[in-house]
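Below are the chains, spelled out letter by letter.
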Amino acid sequence: GCFLLWLLPSILRARASPETRPSSPLCQQSPTKVSCKGVGLRKFPKELGQGIKYLELSNNFIQNLSGSNMPGFGQLEYLDVCFNQLESVSASALAELPRLRSLLLGSNHLDRNYLANGEAFHLLRNIEVLDLSVNNLESHMASWYISNLTSLRVLDLSGNTMTKLLAGTFRNSPRLRQLDLSNNYIMEIQEGAFEPLEELEVLNLALNSLHCISGFSLTQLRVLNLSHNALELFSEEEGAEPYLLRVLDLSHNRLLSFPELPRAHDLTHLNLSSNLIASLLPGSPHPREFVLPYKEMQRFNRTVRPMAALTHVADLDLSNNRLELFPFSFFHGLGSLHSLSLARNCLQDVARESVTNGTVLSVRSLDLHSNALRVLPRWFFDSLPRLESMDLGSNSLQPCESQGSDQGRDFPGDSHTSAPGDTCTPFYNVPRLKHLSLSKNNISRLQPHAFNGTPLLSLDLSGNRDLSMATGALAGLELSLQELSLRDNQMDEAALPCLGTLRVLDLSGNHLSLLPTGLSCSPLESLDVRNNNLQALGAVRSWSHSLRAVSVAGNPWSCCSLGWLDA
C-alpha cells in the first residue's frame, strides 16, 4: 500500500499531457518575474500572466519560438531559452517582444534554419545582450545573426565552430562593450574585423587557434584574454596613442620572449604562464631550431626593454616557462609589482651580476615553487624589503642557522654573498615575511634559530622526509606563528617550543608515538595527527575550550587510555 501511495503522484503526472496541463503551476512566479527552468516544457508557456518582464525557460525541450505561442508578452525585457532544442525563431515571435533587451539562446541548434532565423533577428533593434554560445555556428552564420543588431552591448559567441573573423562581422554593432569568442576554431582575424568596435572594453579570444597577433589596435580595450591559443608573436600597432589595457592573459601559448608592450601604461595584470619563455634579459636570441616566419619580427628592436612602460603592473605570472635565471634587473622597472610567480620553471640561480647596491623590488608575494634552487643569498632578501609571502616548495633549499642571541646577525663580508660556503639560505631577519613554504625541499635538519627575527604567521615544512629538528629550531616564532605543517616527514619526534599563538597544527604522516612537549601552551583550534603511532592524546585537556577540529585516524589507539575523548 505504501508503495502504491508513493507512486501515485508520478502516475498522475504521467497521465497529464504536456499540451493539456497548465504550465504555470510548474513555474515559480512573481508579478513581473517567472522561472520555468527545467520543468519539461516543449512549447512556450502562453498561459502565463500579463506584465511579465523576466522569463527564464532554460533546460527544457522547446524547439521553436512562434508568434502564435507568444501573445501578451509585450512587456518582456529578459528571455532565457538556453539549453533547449531550439532550432527555429520566427519573425512573428520576435515582433511580439518590442521591449526585449536581453536574449539568451546558448546551447541550442541555431545552426539549423540560420537564414530564416537571422532574418527574424533583424527585428531585435533594441537588444543589448545576446547569447548565441554553443550553437554550432560557423563564421558566416554568426555574422548573419548579428548583422542588424545596432544596439548590442554584450555578445557571447563562445563554443561555436567559427574558423575566422570576417572583416564585416561587427560592422553594424559599434556599441559592443563585451565580446566572447572563446572556445572556437579561429585561426584568422581579417584586417579591419574589430575596427568598428570603438567602445569595446572586454574581449575573450581564449581557446582558439591563433598563431600571431601583430598590429594590435584596440587601444580602448580594458581586458583581453588570448590564453590557450598557439601564439608565437604578440605585438602592438605602431603609433603614439596609449593603450587603456588593464588585464592581459597570454597564458598557454608558444611565446618565446616577453611581449613588447611599450604603450600599455595602464596594465595591472599580466599572465604569461605556460609559454616557452627561456630568458627575460634584453637581446636574448631565439632558440636556433626555432625561427619565427613573420615579417613583423624584422622591425623589432631587441634592445628595447619590454617592461619599461609597465610601471603599473601589480600581478605578473611567468609560471611554467623555461627560465633558468632570476634576473633582478628585469623586474627593477616594475615599481608597482606586488605579486610575482616564477613557479614551475628551471630556476637554478639568481642573476647576481645584474644587481647593484640599492636595487629594491616592491614584491609582496613571491612564488618560486617547483624549480631547482639550491641557495638564495642574503642580498636576495635585502632586495625584497616588502616581501610578505613566499612559496619555495619543491626546491633544494637548506635553512641556515641563525646566531640566535645576536638576533641573527649577518655573516661578515660582502652583502652580495650568502652564508659561508653558499650551501644554505638565511631565512632569519626577514622583517615582513609572514607566510613561508619550504615543503619538499629535502631538508634533513632544521638548524637552531632558523627563522629568528622573521615574524612568520604560517610555516610549511611538510614533505621533508626524515626531517630532524634541532633544539630551538623554531625559536623566535613563539609569539607570531599561527599555522604549522610538519606533514609527511616520517619524523620519530618533533621538538617544538611553547608556541603561544599556534592555532593550526598538522603532524599527519609521521612516526610519532608522543605529541611534542610544549604543545599544552598553544591555543590549538585544529589538530591533524593522522597516520602516526599514537596511543593517546595526553595534552588534549589543555585545548578543551579552543579545539574545533581534530583528525586522529590511522593510529594504534589504546582502548585503556581513551580518557582524552572525554575532554
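Residues numbered from 1 in each chain as written. Predicted model: local features only at pLDDT ≥ 70, side-chain atom pairs only at ≥ 80, totals over all residues. Heavy atoms only, no water.

Colleague: Give a description of the overall build of the protein chain that names residues and reports values.
Modeller: Regarding its fold elements, the protein chain presents six helices and 32 strands. Element-wise, carbon and sulfur atoms account for 50% of the exposed surface of the protein chain, whose accessible area totals about 26100 Å². (Helix = DSSP H or I, 4+ residues; strand = E, 2+ residues; numbered from the N terminus. Areas by Shrake-Rupley, 256 points an atom, 1.4 Å probe, with all protein chains shown as cover.)

Colleague: Quick rundown of the state of the cysteines? Include the residues and the values.
Modeller: Taken as a whole and assessed by the stated rule, the structure comprises three disulfides. Across the disulfide from cysteine 498 sits cysteine 521; the S-S distance is 1.9 Å. Of this pair, cysteine 498 sits in the loop between β29 (483–485) and β30 (504–506) while cysteine 521 sits in the loop between β30 and β31 (526–528); the two residues are 23 residues apart in sequence, bridging distant segments of the chain. Here cysteine 559 is not cross-linked by a disulfide; its sulfur's nearest cysteine counterpart is in cysteine 560, at 6.7 Å. Note on cysteine 559: relative accessible area 70%, which makes it exposed. (Disulfide = S-S within 2.5 Å. Buried < 20%, exposed > 50% of the residue type's maximum accessible area, 1.4 Å probe, protein only.)

Colleague: Go over the environment of glutamine 348 with me, naming the residues and quoting the values.
Modeller: With respect to the element layout, glutamine 348 can be found in the loop between β21 (339–341) and β22 (349–350). Of the residues examined, glutamine 348 reaches a relative accessible area of 51% and is grouped as exposed. With 23 residues separating them in the primary sequence, glutamine 348 and leucine 325 have C-alpha atoms 6.4 Å apart. What glutamine 348 contacts, discounting residues up to four positions off in sequence, is Glu324, Ala372, Leu373 and Arg374. (Contact = heavy atoms within 4.5 Å.)

Colleague: Tell me what's going on with the nonpolar core, and back it up with residues and numbers.
Modeller: Core analysis: the biggest nonpolar cluster contains 144 residues, and Phe331 and Phe451 have the highest contact counts within it. Contributions of two or more residues to this core are made by α2 (91–95), α3 (114–121), α4 (139–145), β14 (212–216), α5 (328–331) and α6 (378–382). Contact partners of phenylalanine 451, with chain neighbours within four places excluded, come to Phe427, Tyr428, Leu436, Leu438, Leu446, Leu456, Leu459, Leu461, Ala473, Leu474 and Leu477. (Core = buried A, V, L, I, M, F, W, Y, C linked by side-chain atoms within 4.5 Å.)

Colleague: So, unusual backbone geometry: which residues are in play, and what are the values?
Modeller: Although it is not a glycine, histidine 228 adopts a positive phi angle of roughly 55 degrees. For histidine 228, the position within the fold is in the loop between β15 (223–225) and β16 (233–236). A relative accessible area of 35% means that histidine 228 is categorised as partly exposed.

Colleague: Pulling in residues and values, what's your account of the confidence of the model for the protein chain?
Modeller: On average, the protein chain scores 86 in pLDDT, and the residues at 70 or more come to 86%. Per-residue pLDDT stays below 50 along residues 287–292; that stretch engages in six contacts with residues further than four places along the chain or on separate chains. Segment residues 296–304 is flagged for pLDDT under 50; beyond a separation of four residues in sequence, or across chains, it makes 16 contacts in the model. (pLDDT = per-residue confidence, 0-100.)

Colleague: Outline the environment of glutamate 47, listing residues and values.
Modeller: Take glutamate 47: it is sitting in the loop between β2 (33–35) and β3 (54–56). On a C-alpha basis, the gap between glutamate 47 and glycine 72 in space is 9.6 Å, while along the polypeptide they are 25 residues apart.

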